[in-house]
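# Observations on chain architecture
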Amino acid sequence: MRRLGLLALRRLAQSLPVLAIIMVGLFLLLQLAPGDTVDALMAQMGGGSAEDAARLRAAYGLDAGVAVQLGRYLLRLVSLDLGQSAIYGKPVATVIAERLAVTALFMSAALAFAFSAGLVLGVLAARRVNGWPDTLISTLGLVFYAIPSFWLGLMLIVLFSVHLGWLPPGGFESVGAGLTGFARVLDIASHLVLPTLSLALIFLAIYLRLMRASMLEVMNLDFVRTARAKGLPEGKVLWRHVLRNALLPMVTFVGLQFSTMLGGSVVVESVFSLPGLGRLAFESVVQRDLNTLLGIVLVSAVLVILVNFVVDLLYARLDPRIGGAA
Amino acid sequence: MSPAVRAYLRSPAGMIGLLLLLAVLGAALSAGWLFPRDPLSLAGRPLQWPGQNPRLPLGTDNLGRDIASFIFHGARVSLLIGLAASAVAVGIGVLVGAVAGFYGGWVDDLLMRITEAFQTVPNFILLLVLVAVFGSELSVITVAIGLVGWTAPCRLVRAEFLSLRNREFVLAARGLGMRDARLILGEVLPNALPPVIVYASVVMAVAILLESALAFLGLSDPNIASWGNMIGAGRSVLRAEWYVSAIPGLAILVTVLAFSLVGQGLNDALNPRMQVAA
């Protein structure tokens, strides 16, 4: 356990400079953006004199040097003060917190589906390399990888919502139905099926290719030959020996791909009107709410770092060689 | 024929990809000749189904634009943006990766932390921020897509430089008194490029997908015939006239598939032992 504890501390310490660079980057972007808070305020008030603007700038601390402003900005971010949202009239932190649960649920569903389906298909393909199941699965993987998620979402809506009427075309739950308990869970799940499929398909393709390659690699290792030589049945070799070791690169990839997946949620949440973080990002671009947008950048970066942290710990647990001395 | 070319021609994925790519390229090149009119202009009564009017083989969208013309002109836009954005991404990636890998030490540490920062922020969200701050003209969009995509080529180049910088031929060149810039550009870089060239096709595919997603959300340049743009416009008539969104989506699929397959073919030909894991 001590080994994992040390590893955890070291990983967290490594991510601090990265977070600091992101914060400085956000500040630079704010400086580069045309117009500042005062310009926005003056526009809302219907204009004003140059003296008014100067007074307001002094009141907001915008007359200080860039270095001082950067220092103040970083202090505010560290104390989780992300500023005020222009369109919602609430603190950005509150607006984001309200949207986080939907995105977390959506991301977990997409990740779980892509991972497990990719795993199963990858194993199936690797079992008969170059046989017809392998060719079929590998071809499907290539096609899945090329399908734009938003387009897939629209086509799924046409098929399953408009023509077949099986699943709702959008939203997070049936508003005004007053569902509670298990009925509500089912309702939310039915709303998440199509968005999950749309977002997960590209990642399914990536996982299946990775799983296939990694299974093939492990199958050629010495310990697998030993297991076969001592007479273990093929199924047991595959599940107990090959699969376990082939899973390691998959676990790493969950961390590497999480950031891309979070980015992909912007488009898919917009297609299905899911009230999550991604849709909030889209809305804040359209409404020119830069504070909210930069807040989302920071929160998503923290999320990515946390997921990678968990993945690293998981990896260390699965592979006892990691995390010792180095 | 060099063995690499022969290996490429033997790879079925590579050949299918090459054919698809030639088809897309043909569409892009012939667009101005087959459809001389502005693809954004009114071509006929809106919402004619494909095949309904022989003059408009793929029909019209809800704004009365000729879908076939839009698809052909869109191929130009996609290929141009993809090419330019990949050039930006690979250019930055090679520069940063080469410097980090060649010098190592604190330079490497600093550059790698910056690379990690870019990898940590979801690339589509960073793209939204850049569009929100700098606007959505075509040039801005292209550079922005390049800016969110340079980290993977950078890591590849860095890894190659780390393994090459202490090889004998580099040490010999250094011993001859060659300067760093010449060492990097003339000696190490040519040997580090093959995996980057293979990866460039993946960068192209991702760039085209990113642009189409931006255009779909209405955040790309509205004055160009981008496939994503038409998919977005078709959303409002999705229930009955779903073909308006369906057709340009197929065009994106074919183009991205072409680049993935070409990437796989190049991979089979140039580094048979390496797996391109997207």
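These numbers come from a predicted model, not from an experiment.

### Focus on the packing of helix 3 (residues 67–103) of chain B against helix 7 (residues 151–164) of chain B
Residue and element names in this part refer to chain B. Interaxial distance between helix 3 and helix 7 falls to 7 Å at its minimum, and their mutual angle equals 35 degrees. Handedness of the crossing formed by helix 3 with helix 7: right-handed. Residue-level inspection shows A89, V90, G93, V94, V96, G97, A98, A100, G101 and F102 of helix 3 in contact with helix 7, the latter providing P153, C154, V157, R158, F161 and L162. Split by residue class, the contact of helix 3 with helix 7 holds twelve nonpolar, three polar and one charged.

### Regarding the environment of G276(A)
Residue and element names in this part refer to chain A. Here G276 is to be found in the loop between helix 10 (234–271) and helix 11 (277–286). Exposure remark for G276: the relative accessible area of 0% places this residue in the buried category. Measuring from C-alpha to C-alpha, the distance between G276 and L256 comes to 22 Å, with 20 residues separating the pair along the chain. Ignoring anything within four residues of it in the chain, the contact list for G276 reads R99, V102, T103 and E269.

### Considerations on the interface of chain B and chain A
The interface of chain B with chain A comprises 45 residues on the first partner and 50 residues on the second. Across the interface of chain B and chain A, roughly 4,100 Å² is buried in total on both sides, 80% from carbon and sulfur atoms. Summed over the shared surface of chain B and chain A, the number is zero salt bridges. Counting across the interface, chain B meets chain A through six residue pairs in polar contact (both at pLDDT 80 or more). Elements represented by at least two residues in the side of chain B that touches chain A include exactly helix 4 (105–120), helix 5 (123–134), helix 9 (180–216) and helix 11 (243–270) of chain B.

### Here we look at unusual backbone geometry
All names here are of chain A. The backbone phi angle of S273 is positive, close to 40 degrees, even though this residue is not glycine. Counting through the fold element by element, S273 comes out in the loop between helix 10 and helix 11. Even without being a glycine, R288 presents a positive backbone phi close to 60 degrees. Relative to the helices and strands, R288 resides in the loop between helix 11 and helix 12 (290–318). Relative accessible area serves as the criterion here: at 59%, R288 is assigned to the exposed category.

### Describing the pattern of salt bridges
Going through the model one piece at a time under the given rule, you end up with nine salt bridges over all chains. E283(A) is paired through a salt bridge with R279(A); the nearest N and O atoms lie 3.3 Å apart. Within this pair, E283(A) and its partner R279(A) are both found in helix 11, separated by four residues, close to a single helical turn. Exposure remark for R279(A): the relative accessible area of 22% places this residue in the partly exposed category. Between R113(B) and E116(B) there is a salt bridge, with its nearest N and O atoms 3.1 Å apart. With R113(B) and E116(B) both in helix 4 and three residues apart, this pair spans about one turn of that helix. On the basis of relative accessible area, R113(B) is assigned to the partly exposed category, the value being 25%. Residue classification places E116(B) among the partly exposed residues on the basis of a relative accessible area of 25%. Members of the salt-bridge network, linked through shared partners, are R99(A), R279(A) and E283(A).

### Looking at the environment of A200(B)
Mapped onto the elements, A200(B) comes out in helix 9. What makes A200(B) partly exposed here is its relative accessible area of 21%.

### Some remarks on the side chain of T103(A)
All names here are of chain A. Following the sequence through the fold, T103 ends up in helix 5 (residues 92–127). On the basis of relative accessibility, which here comes to 2%, the residue T103 falls in the buried class. Looking at T103, its side chain comes within polar contact range of the main-chain nitrogen of L277, at 2.6 Å. Beyond its immediate stretch of four places on either side in the chain, T103 contacts L262, E269, G276, L277 and G278.

### Quick word on the packing of helix 3 of chain B against helix 11 of chain B
Axis angle and axis distance: for two packed helices, these are the angle between their axes and the distance between the axes, and together they describe the pair. All names here are of chain B. At a minimum axis distance of 11 Å, the contact between helix 3 and helix 11 shows a crossing angle of 35 degrees. When you trace helix 3 past helix 11, the crossing you get is right-handed. The segment helix 3 lies against helix 11, with I67, I71 and L79 engaging Y243, V244, I247, P248, A251, T255 and F259. Of the residues that constitute the contact of helix 3 with helix 11, the class distribution is nine nonpolar, one polar and no charged.

### Overview of the nonpolar core
If you look at the biggest cluster of nonpolar residues, it comprises 170 residues, and the most contacted ones within it are F150(A), M215(A) and F124(B). Residue contacts for F124(B): discarding those within four places in its chain leaves G263(A), V266(A), V267(A), L210(B), A213(B), L214(B) and L217(B). Of all hydrophobic cores here, the second largest spans 16 residues; its members include F102(B), V170(B), L183(B) and V196(B).

### Concerning the packing of aromatic side chains
Residues and elements named next belong to chain A. One pass over the structure, following the stated rule, counts seven aromatic pairs over all chains. Measuring from centroid to centroid gives 5.6 Å for F27 and Y73, while their planes differ by 45 degrees, and the two rings are tilted. Of this pair, F27 sits in helix 1 (residues 2–32) while Y73 sits in helix 4 (residues 66–78), and the two are 46 residues apart along the sequence. Each member of the pair F27 and Y73 is classed as buried. Taking the ring centre of Y145 as reference, the NZ or CZ of R209 above it sits at 5.6 Å.

Conventions and cut-offs
- Residues numbered from 1 in each chain as written.
- Chains lettered and ligands numbered in written order.
- Predicted model: local features only at pLDDT ≥ 70, side-chain atom pairs only at ≥ 80, totals over all residues.
- Heavy atoms only, no water.
- Axes fitted to C-alpha atoms, helices over the stretch in contact; angles between N-to-C directions.
- Helix = DSSP H or I, 4+ residues; strand = E, 2+ residues; numbered from the N terminus.
- Left-handed = near helix turned anticlockwise from the far one by under 90°.
- Contact = heavy atoms within 4.5 Å.
- Nonpolar A, V, L, I, M, F, W, Y, C, P; charged D, E, K, R; others polar.
- Buried < 20%, exposed > 50% of the residue type's maximum accessible area, 1.4 Å probe, protein only.
- Buried area = accessible area lost by both parts, 1.4 Å probe.
- Salt bridge = Lys/Arg side-chain N within 4 Å of Asp/Glu carboxyl O.
- Polar contact = N/O pair within 3.5 Å; in protein donor to acceptor, adjacent residues only side chain to side chain.
- Core = buried A, V, L, I, M, F, W, Y, C linked by side-chain atoms within 4.5 Å.
- Phe/Tyr/Trp six-rings, centres within 6.5 Å; stacked < 30°, edge-to-face > 60°.
- Lys NZ or Arg CZ within 6 Å of the ring centre and 35° of its normal.

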